[in-house]
Amino acid sequence: MIQEIIAYKNIVENIESLIDKSTYKRNYIIEKIGISSPTFYRKLKTHSFTPDEVLSIAKILSPEENFMLDLKADIEQGKLDLKNGDFITHEEMLAELKSKNLI
């Protein structure tokens, strides 16, 4: 657990350089994480972003990694659904779409 905290602390302390090295403009990041510009710059200067804000920034700065994590989570959820029998067959899906006049 201590290693994770140290790694998180390093990320927060280096987030400005990570943003500077990215292809994204600060205004885009500010807009996407949903905080005001003065608040963003204050938090950037004081290293006081919340964990959720750091996660939001990381998702913006690393979209490929974020996509892969989401994909892995979706696959695991699909495996769990299959194991629990929470699915419908192809034929049942076609019948449902036909009943809604979608095909």
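Residues numbered from 1 in each chain as written. Predicted model: local features only at pLDDT ≥ 70, side-chain atom pairs only at ≥ 80, totals over all residues. Heavy atoms only, no water.

Undergrad: Tell me about the domain arrangement of the chain, and name the residues and values.
TA: Entries for the chain in the domain assignment read domain 1 (1-61) and domain 2 (63-102). The C-alpha centroid of domain 2 is placed 33 Å from the C-alpha centroid of domain 1. (Domains from an automatic or database assignment.)

Undergrad: Describe the packing of aromatic side chains, naming the residues involved and giving the relevant values.
TA: Evaluated as defined, the whole model comprises 3 aromatic pairs. When the centroid spacing of 5.3 Å and the interplanar angle of 90° are considered together, the rings of Phe40 and Tyr41 count as edge-to-face. Residue Tyr41 is classed as partly exposed on the basis of its relative accessible area, which comes to 35%. Taking 5.5 Å as the distance between ring centres and 55° as the angle between the ring planes, the aromatic pair formed by Phe40 and Phe49 counts as tilted. Judged on exposure class, the residue Phe40 and its partner Phe49 are both buried. Linked through ring pairs, Phe40, Tyr41 and Phe49 together constitute an aromatic cluster. (Phe/Tyr/Trp six-rings, centres within 6.5 Å; stacked < 30°, edge-to-face > 60°. Buried < 20%, exposed > 50% of the residue type's maximum accessible area, 1.4 Å probe, protein only.)

Undergrad: An account of the pattern of salt bridges is needed here, citing residue identities and associated values.
TA: Oppositely charged side chains may form a pair once their charged atoms are brought near each other. Counted under the stated rule, the structure contains 5 salt bridges. Asp20 is the salt-bridge partner of Arg26, the closest N and O atoms lying 2.7 Å from each other. Residue Asp20 is classed as partly exposed on the basis of its relative accessible area, which comes to 49%. The network of salt bridges with common partners includes Glu16, Asp20 and Arg26. (Salt bridge = Lys/Arg side-chain N within 4 Å of Asp/Glu carboxyl O.)

Undergrad: How would you explain a nonpolar patch on the surface if you had to name every residue and give the values?
TA: A contiguous nonpolar surface patch, about 370 Å² in accessible area, is contributed by Phe67, Met68, Leu71 and Ile75. Turning to its location among the elements, Phe67 is positioned in helix α5 (residues 63-83). (Patch = residues over 30% accessible without salt bridge, like charges linked within 9 Å, V, L, I, M, F, W, Y side chains within 5 Å. Areas by Shrake-Rupley, 256 points an atom, 1.4 Å probe, with all protein chains shown as cover. Helix = DSSP H or I, 4+ residues; strand = E, 2+ residues; numbered from the N terminus.)

Undergrad: Let's hear about the nonpolar core: which residues, and what values?
TA: Grouped together as the largest cluster of nonpolar side chains are 14 residues, with contacts concentrated most on Ile15, Ile19, Ile29, Phe40, Phe49 and Ile57. When residues of this core are assigned to their parent elements, the largest contribution, 4 residues, is made by helix α4 (residues 51-61). With sequence-adjacent residues up to four places away left out, Ile57 is seen in contact with Ile15, Ile19, Ile29, Ile33, Phe40 and Phe49. (Core = buried A, V, L, I, M, F, W, Y, C linked by side-chain atoms within 4.5 Å. Contact = heavy atoms within 4.5 Å.)

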